[in-house]
Amino acid sequence: MRYAPLVARIAGSGADVWKTHFRAAKLRHEEGREIIDLTVGSPDQPPAAAILDEAAAAMRRYSGYAAILGGFPVRRAVAARMAKRTGMPCEMANVAIVAGAQAGLYFALQCLAGPGDEVIVLEPMYATYEAVCGATGATMVQVPLLPERGFHPDIDAIARAITPRTRVLWINSPSNPTGAVFEREEVAAIAALCQKHDLWLLSDEVYEELAYARPHTSAWSQPDMQGRTVVVSSLSKSHVVPGFRLGWIVGPPPLVEHLFYLLLCAQYGGAPFLQAGALVALTQDLPEVAAVRDTYRRRSVEFADLLARAPSCRPLRPEGGLFVMLDVRGTGISAPVFADQLLERENVAVLACDGFGPGGVGHLRISLTVDDAQLAEGGARIVRFAESLRSA
Ligand SMILES: Cc1ncc(COP(=O)(O)O)c(C=O)c1O
């Protein structure tokens, strides 16, 4: 049978990134091997009991349909939080609740770009971006973020990539996989480019609570940008509830009106009880959120220090997020081969960044989301493996 052209556009190299992850799962289940899995970005702490309790209680109260764009209370809470954090007006009419940031990016970009349009993405980028862009039919134009600049944006390079077809400039800070947290001035310069060239600014802020080197600057905080800015975020990382699939899109009200029709045909509302749990997360200052941030801040420093002992490798201490990048270009083998052999010989699973865009080639993305003891053991095995390469 024939499938629609869409199927080819959603299965690019980004989808291959997870190869090592799936191989690790297979080894674990079929061969019973004990693998230290440092591939996924799912925080390892338990979520706040207050969120779970409210979601569970709400499920007993009501498990019917929720409003298409999300219930009023949770949309209002997202808006109030955004207004408080950025100092810029944000109302319920600016907000749509979606099934995680992933769905948020997908739905938002469907409304912003289509065939014939160009979408500028800074790479290395999160592995799903290619398919999200491909699904719209738009062309993705990648602008490299260079390791020599700590993966911070080169505003001139972005400006050079803009053409009359460009519709969207897509950023992600704190970034996955690089861990860069953009400076306020960098976000302002990117916003200025969007104004000058009449572009949408799409900002993936899913790691907003996990900024270590400097405070997170939301794209929404930029003056006179609320008509062209779309922020996507979720509770997945900050509140350790990725399974809730609870995220949001903040944008101009006309976008939210278009999203209504898209969500009407795509998902017909989310889970009302999870939105009730989200309300607790969004309206209370839960100590668990700070604890999660402190844990990853500490682990990122300790783990990068540990990896610095790996010969011919260079760890990049992240400025935010859940990952450490390891530059293995000096080892003489490619990052995918490094990842494959590390898994076979040391039972440690990490991701090669080659599928995160050309700038990721030669780097590994190593997740900090296992407990301290496992992380220390995983790091020691990576060092041992790098040493074995040198002696070979
Ligand atoms: C950069 C980035 N954006 C979006 C997502 C998707 O997040 P969610 O779980 O909210 O769908 C992830 C998840 O790992 C991510 O790393």
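Residues numbered from 1 in each chain as written. Predicted model: local features only at pLDDT ≥ 70, side-chain atom pairs only at ≥ 80, totals over all residues. Heavy atoms only, no water.

### Details of the site of the ligand
Rule in force here: The nearness test applies per residue and asks whether one of its heavy atoms lies within 4 Å of the molecule or strand. For the purposes of these results, a polar contact is taken to be a pair of N or O atoms within 3.5 Å, where, inside protein, one atom must be able to donate a hydrogen and its partner to accept one; residues adjacent in sequence count only when each atom of the pair is a side-chain atom. We get accessible surface area from the Shrake-Rupley algorithm with a probe of 1.4 Å; when it comes to residues, only the shown protein chains can shield them. As defined here, a cavity is a set of points on a 1 Å grid over the protein atoms alone where a 1.4 Å probe fits but cannot get out. A pocket is an open set with protein on both sides within 12 Å along at least five of seven lines, and residues line them when an atom is within 4 Å of a point. Criterion for pocket placement: a molecule counts as inside a cavity or pocket if more than half of its atoms are within 2 Å of its grid points. Note on conventions: DSSP H or I runs of at least 4 residues are helices, E runs of at least 2 residues are strands, and numbering of each starts at the N terminus. Under the convention adopted here, Pro, Cys and the residues Ala, Val, Leu, Ile, Met, Phe, Trp and Tyr are nonpolar, Asp, Glu, Lys and Arg are charged, and Gly plus all remaining residues are polar.
Around the ligand lies a shell of 14 residues, among which Asp 204, Tyr 207, Ser 234, Lys 237 and Arg 245 are the nearest. Tyr 207 is positioned with one of its side-chain polar atoms (N or O) 2.7 Å from an oxygen atom of the ligand. Look at the ligand: alone it shows 390 Å² of surface, and the protein chains cover 93% of it. Judged by the proximity of its atoms to the pocket grid, the ligand belongs to the largest pocket. Ranked by the residues each element gives to the shell around the ligand, the list is headed by helix H6 (residues 100-112), at three residues. Among the residues forming the shell around the ligand, the class breakdown is five nonpolar, six polar and three charged.

### Some thoughts on helix H13 (residues 335-346)
For clarity, the cut-off: How far a helix is expected to stretch is found by multiplying one less than its residue total by 1.5 Å. Relative accessibility thresholds used throughout: buried, under 20% of the residue-type maximum; exposed, over 50%; partly exposed, between the two (1.4 Å probe, protein chains only). It is the directions from the helix axis to the C-beta atoms whose arc is reported. Residues are treated as being in contact if the distance between any of their heavy atoms lies within 4.5 Å.
If you check H13, its first and last C-alpha atoms are 15 Å apart, about what 12 residues at 1.5 Å a residue would give, namely 16 Å. Those residues of H13 lying buried are Ala 335, Phe 338, Ala 339, Leu 342, Leu 343 and Glu 346. Buried residues of H13, viewed axially, fall in a sector of 125°; they line one side. Buried-residue contacts for H13 involve helix H3 (19-31), strand S11 (348-349), strand S12 (351-352), strand S13 (363-367) and helix H14 (372-391).

### Regarding the layout of surface pockets
Under the convention used in this document: Grid points are joined across faces, edges and corners, and a volume is the space filled by probe spheres set on the points.
Counted as a void, the largest pocket has a volume near 390 Å³. Together, 22 residues line the largest pocket, and Gly 41, Gln 102, Tyr 126, Tyr 207 and Lys 237 are the ones closest to its centre. The element contributing the most residues to the lining of the largest pocket is H6, with four residues. Across the lining of the largest pocket, the residue classes tally to 10 nonpolar, eight polar and four charged. Quantified by volume, the second largest pocket comes out at close to 340 Å³. Around the second largest pocket, the lining is made up of 15 residues, and of these Arg 81, Arg 85, Leu 282, Gln 284 and Asp 285 lie nearest the centre.

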